[in-house]
Amino acid sequence: MNQEALQTAPLAPLAHYRVLDLSQGVAGPYCTHLLSRQGAEVIKVDPPEGDWARHVGISRNGHSSLSATYNTGKRSIAVDARRAQGRALLLRLAREADIVVQNFRPQVVRRMGVDYDSLRAAGLDPVYVSISGYGPTGPYADRPATDSVMQADTGLMTSNRDAQGQPQRVGLLLADIAAGVYAAQACTAALLGKARSGRGRHVELNLFEVCCALQSTVLAEDTLRGGLPAEGVSAPNGVFATADGFITVLALNNDQFE
């Protein structure tokens, strides 16, 4: 691209924003990956042993498909937050960031010294995104939460039950991925709010509530049924075997049926 084209090319929406990504796994890294795709500079902080997602499934050259996909486009640094020097470095990185994203349990991020209250006490005012399993308070606040636990605990497996009524796990990390999408959207909304008010914001969301939000119409429909068994909303509606595989057929109304 020539110089004139560079000068007239539209900037990505989040160009010039810097994100400090303290998260591991899927939900947080996917959130910051989306922010990166929108133009933000993302600094991914890993512990010395690396993000645990590097070792999920098949790994090549120190990365699994999860870590390679959801950390594309980021810069990375290894920091040992168990040491005072490491915690001081995290604070320095936070001072240079517009956005901080973390998905640790509350007690863990407080030990690291980069929880929202600590950054505010240090005079920082970022858009701060916290992703947890069950939220910051309550009896489950400090419990770790995996995607499969979330799918079971929120009824998502029941929503995805087979024809015999057997609950089934959705075959991808739906709870984590959806949480990443919700977090990225809430983060950009908070950035818009800061542009108008000049004040940062603490964005808090958790996988449990994300899974419930995904099923809002399912939960409402279950309430409307009043305990009656679920029935198909239309016919034909299903997956059918054919001579060379499977086909899905859906007609929602008479016009579509015709």
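The coordinates are above.
Quantities reported herein were computed from a predicted structural model and do not represent experimental measurements.

**Let's talk about the packing of helix α9 (residues 174-197) against helix α10 (residues 207-214)**
The N-to-C vectors of α9 and α10 enclose an angle of 90°; their axes lie 9 Å apart at closest approach. Classified by the angle between their axes, α9 and α10 sit roughly perpendicular to one another. Across the interface between the two elements, L174, A175, D176, A178, A179 and Y182 of α9 pack against L207, V210, C211, A213 and L214 of α10. Residues belonging to the contact of α9 with α10 are distributed by class as follows: 10 nonpolar, no polar and one charged.

**Remarks on the sheet that holds strand β1 (residues 18-21)**
The parallel open sheet is built from six strands, whose spatial order is β5-β2-β1-β6-β7-β8. Of all the strands in the sheet, just β5 (75-78) and β8 (201-206) have a single pairing partner and so form its edges. Ignoring which end each strand starts from, the neighbouring axes of this sheet average 15° apart. As judged from the four bridges shared by β1 and strand β2 (residues 41-46), these two strands associate in the parallel manner. Across the sheet, V19 pairs through a bridge with V42, a residue of β2. α9 contacts β6 (99-102), β7 (127-132) and β8 of the sheet and is inclined by roughly 160° relative to β7. Sitting on the sheet, α10 touches β7 and β8, and the angle it makes with β8 is about 70°.

**Topic: unusual backbone geometry**
Residues A235 and P236 are joined by a peptide bond in cis, for which omega reads -5°. Backbone geometry at H16 places phi at a positive 80°, although glycine is not the residue there. The topology assignment puts H16 in the loop between α1 (3-8) and β1. Even without a glycine there, the phi angle at N61 is positive, about 55°. Relative to the elements of secondary structure, N61 occurs in the loop between β3 (59-60) and β4 (63-64).

**Focus on the nonpolar core**
Among the nonpolar cores identified, the biggest contains 29 residues, and V19, L35, I99, V127, V129, I131 and L205 are the most heavily contacted of them. Within the residue set of this core, elements represented by two or more residues are α2 (27-37), β6, β7, α9, β8 and α10. Ranked by residues supplied to this core, first place goes to α9 with eight residues. What V19 contacts, discounting residues up to four positions off in sequence, is T32, L35, A40, E41, V42, I43, I99 and V101. Listed in part, the 19 residues of the second largest apolar core include L20, A97, M112 and Y116.

**Remarks on α2**
Of all 11 residues in α2, nine are buried; the element is thus mostly enclosed. If you check which residues of α2 are buried, you get A27, G28, P29, Y30, C31, T32, H33, L35 and S36. Elements that come into contact with the buried residues of α2 comprise β1, β2, α3 (65-70), β6, β7 and α9. Positive phi shows up at G39, right after α2, with a value of about 110°.

**Some thoughts on the pairing of β7**
Within a regular beta strand, the side chains point alternately toward one face of the sheet and then the other, so they alternate between its two faces. By the criterion of burial, β7 is predominantly enclosed, with six of the six residues buried. Burial along β7 is two-sided: V127, V129 and I131 and Y128, S130 and S132, pointing in opposite directions, are all buried. As paired elements, β7 and β8 share six bridges and run parallel to each other. Following the sheet pairing, S132 is matched in β8 by N206.

Rules used throughout
Residues numbered from 1 in each chain as written. Predicted model: local features only at pLDDT ≥ 70, side-chain atom pairs only at ≥ 80, totals over all residues. Heavy atoms only, no water. Axes fitted to C-alpha atoms, helices over the stretch in contact; angles between N-to-C directions. Helix = DSSP H or I, 4+ residues; strand = E, 2+ residues; numbered from the N terminus. Parallel < 35°, antiparallel > 145°, perpendicular 65-115°, else oblique. Contact = heavy atoms within 4.5 Å. Nonpolar A, V, L, I, M, F, W, Y, C, P; charged D, E, K, R; others polar. Pairing = 2+ DSSP bridges. Core = buried A, V, L, I, M, F, W, Y, C linked by side-chain atoms within 4.5 Å. Buried < 20%, exposed > 50% of the residue type's maximum accessible area, 1.4 Å probe, protein only.

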